[in-house]
Amino acid sequence: MTTILRLPGESADITLPALLLRNAEDHGDRPALSWRTTPDGEWTTLTWSEARRKVAVLAAGYAALGVRRGEHVLMMMGNRPEHWLSDLALVHLGAVPVTVYGTSAPEQIAHIARHSRARFAIIEGAGELARWEPLLPDVTVPLERLVVVEPADAGTHRTYGSLHASGSRLFDQDGFEKAWRESRAGDPLTVVYTSGTTGDPKGVRISHRNVVLNAVALDAVVEVPDFVEHISYLPFAHVAERMLGIYLPVFRAAHVYLCADPAAVAATARELRPAQFFGVPRVWEKLAASVRAALAGLPQEQRETIEAANETTRARVEYVERGEDPPADLERAYREAKEKVLDPLLSLAGFDRLVWTASAAASMPQDVVRFWAGFDIVIMDAWGLTETTGVVTINTPASFRLGSVGKTLDGLEIRTTDDGEILVRGATVFDGYLTPDGGVEPARDADGWFATGDVGRIDEDGFLWLTDRKKELIVTSTGKNISPALVENTLKEHPLIGQALVHGDGRSYLVALLVLDPEMAPAWAAARGITGDLLADEEVQEEVARAVEAANARLNRTEQIKRYRLLGEEWGPETGELTPSLKLRRRVIREKYKDAIDALYTR
């Protein structure tokens with residue numbers, strides 16, 4: 001729990017602007033926001049007092065632009081200060097900021113622009129203009145004006161710099177303070193559009209109260225240092241980064257480091273040595289693959305020393321997981337391994353100061369969880385949805401089960417239906433989905449329960465274990481229900497397999513598309529003197545076949561893969577196979593590889 005907090009009122013009545021004022025008054029000289037203007041440049045930092053002043057000036061600029069209380073304003077920018085500060089400035093006006101994923105296709109942008117009825121959009125530069133400008137003359141889209149951050153790309157559009165300058169001229173302190181004080185905790189703070197894995201994105205309306213109560217509940221169980229640093233690199237269009245990169249830092253008076261390029265997050269971590277780090281499962285998978293590739297290149301004696309330290313540490317984690325004190329000899333061995341082997345390695349990665357590591361958004365492969373546990377990084381898996389304002393259940397260092405997604409936060413309840421669907425009820429569950437006329441369509445039943453679409457079970461100790469998404473369960477032609485995520489995670493336990501998609505709905509057996517890991521596969525091949533096209537290499541093919549055989553041995557008969565196709569090109573958001581939060585877009589992948597999948601059933 002953060003010890004420096006002074007809440008400016010009852011939790012259920014607090015708005016985000018009230019917390020920002022508290023930060024300026026109580027912690028005004030503390031750093032709030034840092035960023036680089038060039039990839040290799042020095043960090044620029046705003047204190048909380050300076051950040052609030054910037055927010056106030058921008059609020060005046062957006063008011064002069066014509067932004068009104070209650071209206072939606074769209075944003076498409078990376079993790080940069082203009083995004084973070086504009087978000088809070090709009091909130092202080094009583095407007096509702098809506099971030100759109102930077103990887104969104106033109107038709108998705110058009111859908112959100114129509115659905116939200118937004119008149120204004122703030123975008124980064126030329127890459128965004130190409131997708132947004134065609135909407136301005138479209139009579140079906142209410143969009144009226146674009147504000148462009150990069151002045152060289154703005155053309156005839158309003159620039160962020162000129163908007164900031166007008167705000168400086170027109171700023172009125174009394175008007176600013178009056179505007180935000182008119183907001184109430186039940187007012188919308190943001191609308192988060194779902195990433196559209198199964199259709200058009202839905203607009204989830206989230207209130208100040210939803211966010212503040214979620215922050216209070218999280219702060220009660222997540223113990224991090226006062227003024228803790230957070231590296232913000234995931235999209236602000238995702239509820240996780242909204243909470244971690246904007247709302248929780250304002251709540252905790254924490255320090256946000258904006259990492260504009262997600263590919264630079266590992267280098268940023270090495271530099272900053274953060275106390276906390278969050279990554280969706282794919283991020284942890286890729287980091288693990290990088291470490292495994294590096295270890296594979298070490299001399300055998302050094303690898304064996306590290307592996308021995310890993311095994312000792314995992315054994316200790318198992319005792320802690322059960323709530324037991326490790327035996328004295330194991331504790332001594334762990335302390336020695338940590339000091340002599342693990343800490344020097346973690347220091348190279350910038351992970352030696354970590355006290356909190358977490359993941360959410362999808363099931364974490366067990367081999368990845370156990371891999372990091374061997375380095376004394378116990379990833380606290382959590383679960384929640386956009387509709388629940390993020391976290392519903394969470395593991396904590398005091399109470400965790402690796403593989404589960406933890407226990408329910410205070411203020412929330414969960415239960416499962418007869419078919420295993422998880423229902424949630426509580427104060428952080430959203431009011432409903434935004435409708436095209438600006439209203440809200442309720443999504444809870446008469447008793448207040450929200451059907452999440454996730455399937456799982458609650459064990460006797462209260463830990464929640466996820467199975468899969470209800471809509472993604474495979475039903476074979478024999479009527480068997482199969483979790484594709486379970487099978488895919490089992491396949492990915494082999495280091496050569498970086499990504500997997502299992503198919504078999506309405507079929508008599510399962511097939512899979514497998515993608516070679518872009519980091520581990522070359523390292524594995526180099527260690528064996530293999531060069532050239534890895535997909536065509538017989539030794540690689542044989543090893544993948546053994547990996548599938550080993551996975552099948554751990555699965556029941558209906559879950560086993562009968563045939564598969566090996567691919568070499570990694571899936572990503574840019575090419576459409578993954579959502580911006582790095583979850584599989586199954587429909588897109590199935591359509592893209594339809595011929596390959598059909599061939600697996602016909603040969």
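Structure shown above.
Residues numbered from 1 in each chain as written. Predicted model: local features only at pLDDT ≥ 70, side-chain atom pairs only at ≥ 80, totals over all residues. Heavy atoms only, no water.

S.K.: Looking at this structure, I do not really get the environment of Glu 50. What am I missing?
M.R.: Mapped onto the fold, Glu 50 is located in helix α2 (residues 48–65). Between the C-alpha atoms of Glu 50 and Ala 32, which are 18 residues apart in sequence, the distance is 8.6 Å. Within the structure, the side chain of Glu 50 is placed 2.9 Å from the backbone nitrogen of Thr 47, a separation counted as a polar contact. (Helix = DSSP H or I, 4+ residues; strand = E, 2+ residues; numbered from the N terminus. Polar contact = N/O pair within 3.5 Å; in protein donor to acceptor, adjacent residues only side chain to side chain.)

S.K.: Please explain the pattern of salt bridges as it appears in this structure.
M.R.: Pairing between side chains becomes possible if they bear opposite charge and their charged atoms approach one another. By the definition in use, this model includes 43 salt bridges. Residues Arg 69 and Glu 182 are paired through a salt bridge, measuring 3.6 Å at the closest nitrogen-oxygen approach. Of this pair, Arg 69 sits in the loop between α2 and β3 (72–76) while Glu 182 sits in the loop between α7 (173–181) and β8 (188–193), placing them 113 residues apart in sequence. Its relative accessible area of 39% is what places Arg 69 among the partly exposed residues. Exposure remark for Glu 182: the relative accessible area of 39% places this residue in the partly exposed category. A salt bridge links Glu 331 to Arg 316, with the nearest nitrogen and oxygen atoms 2.9 Å apart. Of this pair, Glu 331 sits in helix α13 (residues 328–349) while Arg 316 is found in helix α12 (residues 300–321), placing the two residues 15 residues apart along the sequence. Taken individually, Glu 331 and Arg 316 each receive the classification buried, so the pair is uniform in this respect. (Salt bridge = Lys/Arg side-chain N within 4 Å of Asp/Glu carboxyl O. Buried < 20%, exposed > 50% of the residue type's maximum accessible area, 1.4 Å probe, protein only.)

S.K.: I'm lost on the sheet that holds strand β26 (residues 510–516) in this one. Help?
M.R.: Note: strands within a sheet are paired through backbone hydrogen bonds, in either parallel or antiparallel orientation. Spatially, the three strands line up as an open sheet ordered β25-β26-β27, and their pairing is mixed. Both outer strands of the open sheet, β25 (497–503) and β27 (561–567), are each paired with one neighbouring strand and no more. The average angle at which neighbouring strand axes cross in this sheet is 25°, direction not considered. Its contacts with the sheet put helix α17 (residues 538–553) on β25, β26 and β27, and the angle it makes with β27 is roughly 145°. (Pairing = 2+ DSSP bridges. Axes fitted to C-alpha atoms, helices over the stretch in contact; angles between N-to-C directions. Contact = heavy atoms within 4.5 Å.)

S.K.: Would you mind showing me how to read the pairing of strand β21 (residues 450–458) here?
M.R.: Across a regular strand the side chains alternate sides, sitting on one face of the sheet and then on the other. The sheet contact formed by strand β18 (residues 421–426) and β21 spans three bridges and is antiparallel. What sits directly across from Glu 421, in β21, is Val 455. Examined bridge by bridge, β21 and strand β22 (residues 464–469) share five bridges and lie antiparallel to one another. In the sheet register, Asp 454 faces β22, and the bridge partner there is Arg 469. Counted along the chain from β21 to the antiparallel partner β22, the turn is five residues long, and its residue Gly 462 has a positive phi close to 90°.

S.K.: Sorry if this is basic, but what is going on with the sheet that holds strand β4 (residues 96–99) here?
M.R.: The strand order β4-β3-β5-β6-β7 describes an open sheet built from five strands, whose pairing is parallel. Among the strands making up the open sheet, the edge pair consists of β4 and β7 (158–159). Relative to β7, strand β6 (residues 145–148) runs parallel, the two sharing two bridges. In the strand pairing of β7, Val 148 is matched with Thr 159.

S.K.: How do you make sense of empty space enclosed by the protein when you look at a structure like this?
M.R.: A probe matching the size of a water molecule, rolled over the atoms, marks out where space remains unfilled. Taken as a whole and assessed by the stated rule, the structure comprises four cavities of 30 Å³ or more. Of the volumes computed, that of the largest cavity is approximately 110 Å³. What lines the largest cavity is a set of 14 residues, and nearest its centre among them are Glu 285, Arg 292, Lys 492, Ile 497 and Asp 517. Within the residue set of the lining of the largest cavity, elements represented by two or more residues are α11 (281–296), α14 (366–373) and β25. (1 Å grid on protein atoms, 1.4 Å probe; cavity = no way out; pocket = protein on both sides within 12 Å on 5 of 7 lines; lining within 4 Å. Points joined across faces, edges and corners; volume = space filled by probe spheres on them.)

S.K.: What exactly am I supposed to notice about the environment of Leu 163 here?
M.R.: Mapped onto the fold, Leu 163 is located in helix α6 (residues 160–170). C-alpha separation for the pair Leu 163 and Leu 65, spaced 98 residues apart in sequence, amounts to 7.8 Å. For Leu 163, the contacting residues outside a window of four places in its chain are Leu 58, Gly 61, Tyr 62, Leu 65, Val 147 and Arg 158.

S.K.: Can you help me understand the side chain of Glu 321 in this one?
M.R.: Considering the arrangement of structural elements, one finds Glu 321 in helix α12. Of the residues examined, Glu 321 reaches a relative accessible area of 11% and is grouped as buried. Glu 321 has contacts with Arg 370, Phe 400, Arg 401 and Leu 402, leaving out every residue within four places of it along the chain.

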